Amino acid sequence: MHIMKIRVLHLFAMTFAILLAACTARERHGVRLSDRESIPEDTEAEVLGSGSTLRTDSIQVAEMGEQGSCELYMDWPVDGPKALIASLREWIGTVLFADSASSAPSEPRALAERYCQKQLDAMHLSLEQMSIGEYSTDEAPEKGTEIRLVYETPQLVTYEVTGFQYFTGGGHGSFGTRGATFRKSDGKRFGHDIITRKDDTLRKLLKDGLKTYFKTEDDSALQLIVQVPLDVLPLPDLPPYLLKDGLHFQYGVYDICPFDYGDPGFTLPIEQLRPYLSDELLREME
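Residues numbered from 1 in each chain as written. Predicted model: local features only at pLDDT ≥ 70, side-chain atom pairs only at ≥ 80, totals over all residues. Heavy atoms only, no water.

**Notes on the packing of aromatic side chains**
At step 1: One pass over the structure, following the stated rule, counts eight aromatic pairs.
At step 2: Aromatic side chains W91 and F182 sit 5.5 Å apart centroid to centroid with 70° between the ring planes, which places their arrangement in the edge-to-face category. A residue pair is termed long-range when its members are at least 10 positions apart, and W91 in helix α2 (residues 82–97) and F182 in strand β6 (residues 174–183) qualify at 91 residues.
At step 3: Residue W91 is classed as buried on the basis of its relative accessible area of 7%.
At step 4: Their ring planes at 25° and their centres at 5.8 Å tell us that F249 and F266 sit as a pair that is stacked. (Phe/Tyr/Trp six-rings, centres within 6.5 Å; stacked < 30°, edge-to-face > 60°. Helix = DSSP H or I, 4+ residues; strand = E, 2+ residues; numbered from the N terminus. Buried < 20%, exposed > 50% of the residue type's maximum accessible area, 1.4 Å probe, protein only.)

**A word on the sheet that holds strand β9 (residues 246–250)**
Strands belonging to one sheet form pairs held by backbone hydrogen bonds; the direction of such a pair is parallel or antiparallel.
At step 1: Spatial strand order, β8-β9-β10: three strands in an open sheet with antiparallel pairing. Every other strand in the sheet has two partners, leaving β8 (241–243) and β10 (265–268) as the edge strands with one partner each. Pairwise comparison of adjacent strand axes, ignoring direction, gives a mean angle of 35° for this sheet.
At step 2: Bridge analysis of β9 against β10 gives four bridges, and the strand direction is antiparallel. (Pairing = 2+ DSSP bridges. Axes fitted to C-alpha atoms, helices over the stretch in contact; angles between N-to-C directions.)

**Here's the deal with unusual backbone geometry**
At step 1: Within the chain, K215 stands out as a residue other than glycine whose phi angle is a positive 60°.
At step 2: Judged by its relative accessible area of 72%, K215 falls in the exposed class.
At step 3: Residues other than glycine seldom take positive phi values, yet Y254 does so here, at roughly 75°.

**Observations regarding the pattern of salt bridges**
At step 1: Counted under the stated rule, the structure contains 14 salt bridges.
At step 2: Taking the shortest distance from any N to any O, the salt bridge between E146 and R148 comes out at 2.9 Å.
At step 3: Via salt bridges that share partners, R183, D186, K188, D193, E280 and E284 belong to a single interconnected network. (Salt bridge = Lys/Arg side-chain N within 4 Å of Asp/Glu carboxyl O.)

**A short note on the confidence of the model for the chain**
At step 1: Overall, the predicted model of the chain reaches an average pLDDT of 80, with 73% of residues at or above 70.
At step 2: The least confident element of the chain, judged by mean pLDDT, is helix α1 (residues 2–29) at 36; the most confident is β9 at 98.
At step 3: This model gives residues 1–44 a pLDDT under 50, and the stretch forms 67 contacts once residues within four places in sequence are excluded.
At step 4: Counting contacts from residues 46–51, a segment whose pLDDT is below 50, to residues more than four positions away or on other chains yields 11 contacts. (pLDDT = per-residue confidence, 0-100. Contact = heavy atoms within 4.5 Å.)

Right, dumping it as structure tokens:
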């Protein structure tokens, strides 16, 4: 009986921690689509200057079943440079279906519905494998994903993906953010090649960005959070991407700090980074 009480208390504590992490992630990333009052029929990012503007349709799907729920929102490219449209659609398919993107539907709503059904099937299988019986609706697994056009210039566009998943049965939720910048003329997706070199000055800029994110004032306070030595602080595994205020650097959960600190990300001004940026990208920004 004593052992049973300990297990019940342990399960309660883990459940509370999961729900707390879930609320924090949803608040940070805003992936609960059903809470939105409205979503416009068409979405366009701010365009600086003149040029061929990308037009998108807003696609939103919410699927619920006994095994959980899935919500997906995406800015689907419908008009603009042909090479860009093709590149963006291929990338979105890869984001949603990974290695099976080539077999995904080409029609956007069917694509979204197939994605959510795939997530619901995975939830059902997971619950079966864990032999979980009845559970309340509030404890059901949840998956939320947003794919948004967040920045556009006459030469470039940037998309950003935010997502959250809450699991039932003993593990904490997961969440994350990543983005990609594309060239309009040929649809090229820029990656780690945006940054051409790394030195102590760039590392200091990264540390300053992390200090802003964590609201710390000095290296010693930052080192208490970051689990790698600051003098060898790596660039994020995720490629940087352009936003209105500069170049955004996004670390994943667990990359440099414990789960409780989230997925740190920050944006550095282009003028600070100019010596480190590729000539190819700088030409597109002129």
